[in-house]
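Single-letter residue listing:
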Amino acid sequence: MSRLLCAFVLLLISAACLAQELPTVNFKPVRELPADIPTCREGDLNINECIRQGLQQITPRMKYGISELNIPPLDPFEMGKSSYNYNSGLLQGRIAMKNVVVHGLSEGIVDKVNFRLKNRQVRMEILSHVPQMFVEGAYKADIKLNDLKLNPKGTFNVTMTNVTMRARPIGELYDNDGHTYLRLNKLETEPKIGDLRFYANGLVPDPALNDVILDFINQYWRQLYESMLPETLATWQPLILKSSNDFFAALPFDMLLTKN
Ligand SMILES: *[C@@H]1O[C@H](CO)[C@@H](O)[C@H](O)[C@H]1NC(C)=O
Ligand SMILES: *[C@@H]1O[C@H](CO)[C@@H](O)[C@H](O)[C@H]1NC(C)=O
């Protein structure tokens with residue numbers, strides 16, 4: 001029984017982490033910054049603090065998005081549809097999710113920024129945390145484990161507290177049309193979750209057994225999360241890198257970080 005639970009839970013959580021698409025944004029070239037967007041100066045001795053404050057000022061505005069900068073509303077953040085196939089011999093399955101919505105991103109706190117610019121190479125480290133995040137959605141799965149077939153279907157939600165993130169973007173500056181732009185080559189992220197509470201209905205037809213499975217997930221979420229994290233990051237990081245580069249290709253970097 002616990003092997004089955006384990007396999008099942010792993011499949012569910014991995015699917016939740018591996019939503020494989022981001023909403024598409026139409027990135028329009030930015031000709032000038034709105035007056036209320038904070039900027040920093042390249043030679044500022046306190047540039048790290050300037051960037052930190054700037055990011056912090058922008059964060060609450062993620063709620064409604066900043067259309068002038070091609071930032072869509074991010075709180076709630078609607079992830080749309082996704083599906084994920086799992087095939088490991090013993091366990092085969094497919095899980096589809098829809099109406100997945102993430103709440104809380106606009107409450108983020110930017111704790112620390114470390115910015116380096118040398119020979120047009122940019123290296124940054126950004127530490128931030130979100131006090132509470134709430135994710136909800138609907139799921140549907142077809143799972144085959146040996147001869148056993150399962151078709152769970154229902155809604156789920158996850159409450160996470162103290163979600164910390166260490167992000168390390170690395171990139172280079174290039175010139176185009178009389179402006180300087182930033183292209184990221186690499187974006188490492190290290191998310192950590194303080195605590196997590198998971199609910200779902202429909203995992204199994206019997207509500208009592210459903211609760212047993214939930215207890216199991218909530219007891220072992222950290223192990224499950226850690227076993228899924230590498231694959232999840234491998235899926236997400238290229239998507240986030242691409243979105244970041246689309247964003248920076250439309251917004252000249254010398255508007256955000258002005259020359260002296
Ligand atoms: C999360 O889901 C559970 C079970 O479906 C439900 O009882 C609970 O109200 C939901 N939590 C929130 C905050 O909506
Ligand atoms: C949040 O997590 C970070 C890193 O894991 C930790 O240093 C910090 O003390 C935590 N904060 C709270 C309020 O639990």
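Residues numbered from 1 in each chain as written. Chains lettered and ligands numbered in written order. Predicted model: local features only at pLDDT ≥ 70, side-chain atom pairs only at ≥ 80, totals over all residues.

The protein chain appears in an unreviewed UniProt entry as Circadian clock-controlled protein from Drosophila ananassae.

1. With respect to the overall build of the protein chain
Of regular secondary structure, the protein chain possesses four helices and nine strands. In sequence order, the protein chain lays out its α and β elements as α-β-α-β-β-β-β-β-β-β-α-α-β. Per-residue burial for the protein chain yields a buried fraction of 16% across its 260 residues. Looking at the protein chain alone, contacts between residues at least 24 apart form 71% of all its contacts between residues at least 6 apart. (Helix = DSSP H or I, 4+ residues; strand = E, 2+ residues; numbered from the N terminus. Buried ≥ 20, exposed ≤ 12 C-beta atoms within 10 Å, placed from the backbone. Contact = placed C-beta atoms within 7 Å.)

2. Let's talk about the site of ligand 2
All residues in the neighbourhood of ligand 2 are listed as His-129, Asn-162, Thr-164, Lys-192 and Gly-194. Only strand 7 (153-176) and strand 8 (179-200) provide two or more residues apiece to the shell around ligand 2. For the shell around ligand 2, the per-class residue count stands at no nonpolar, four polar and one charged. (Near = placed C-beta within 6 Å. Nonpolar A, V, L, I, M, F, W, Y, C, P; charged D, E, K, R; others polar.)

3. Points about the site of ligand 1
As a matter of local geometry, ligand 1 sits amid Thr-155, Asn-157, Tyr-199 and Asn-201. When its residues are assigned to classes, the shell around ligand 1 shows one nonpolar, three polar and no charged.

4. Some remarks on unusual backbone geometry
The omega torsion of the bond from Asp-75 to Pro-76 falls at 5°, within 30 degrees of zero and hence cis. You can see Pro-76 is positioned in the loop between helix 2 (47-58) and strand 2 (77-87). Phi angles above zero are rare outside glycine, and Asn-70 is one such case at about 65°. Looking at where Asn-70 falls in the secondary structure, it is placed in the loop between helix 2 and strand 2. In this model, Asn-119 sits at a positive phi of 50°, which is unusual for a non-glycine residue. Here Asn-119 lies in the loop between strand 4 (109-118) and strand 5 (121-145).

5. Description of the environment of Asn-162
Locating Asn-162 in the fold gives a position in strand 7. Remark: the alpha-carbon pair of Asn-162 and Met-133, spanning 29 residues in sequence, is separated by 8.2 Å.

6. Points about the nonpolar core
If you look at the biggest cluster of nonpolar residues, it comprises 17 residues, and the most contacted ones within it are Met-133 and Tyr-139. Elements represented by at least two residues in this core include exactly strand 3 (91-103), strand 5, strand 7, strand 8 and helix 3 (207-250). (Core = buried A, V, L, I, M, F, W, Y, C linked by C-beta atoms within 7 Å.)

7. A look at the pairing of strand 8
Direction of pairing for strand 7 relative to strand 8: antiparallel, over a ladder of 20 bridges. The residue of strand 8 that forms the bridge with Arg-168 is Glu-188. Two successive antiparallel strands, strand 7 and strand 8, enclose a turn made up of two residues, where Asp-177 displays a positive phi of approximately 55°. (Pairing = 2+ DSSP bridges.)

8. Concerning helix 3
The end-to-end C-alpha distance of helix 3, which contains 44 residues, comes to just 51 Å, noticeably less than the 64 Å that a straight helix rising 1.5 Å per residue would cover. The axis of helix 3 is deflected most strongly, by about 70°, at Tyr-220. (Expected span 1.5 Å × (residues − 1). Bend = angle between axes of the 7 residues up to and from the residue.)

9. Some thoughts on the environment of Gln-92
Structurally, Gln-92 can be placed in strand 3. For Gln-92, a count of 15 C-beta atoms within 10 Å corresponds to the partly exposed category. Sequence separation of Gln-92 and Asp-142 is 50 residues, and the distance between their C-alpha atoms is 8.3 Å. The residues touching Gln-92, leaving out its near neighbours within four places in the chain, are Tyr-86, Asn-87 and Lys-144.

10. Thoughts on the pairing of strand 5
Along a regular strand, successive side chains alternate from one face of the sheet to the other. Inspection of the sheet shows strand 4 paired to strand 5 by nine bridges, in the antiparallel sense. Paired with Lys-118 across the bridge in strand 5 is Gln-121. Two successive antiparallel strands, strand 4 and strand 5, enclose a turn made up of two residues, where Asn-119 displays a positive phi of approximately 50°. The sheet contact formed by strand 5 and strand 7 spans 17 bridges and is antiparallel. Residue Gln-132 lies in a different strand from strand 7, and its bridge partner there is Thr-161. Alignment of strand 5 against strand 6 (residues 148-150), held across three bridges, turns out to be antiparallel. Bridge assignment links Ile-143 to a residue of strand 6, and that residue is Leu-150. Counted along the chain from strand 5 to the antiparallel partner strand 6, the turn is two residues long, and its residue Asn-146 has a positive phi close to 50°.

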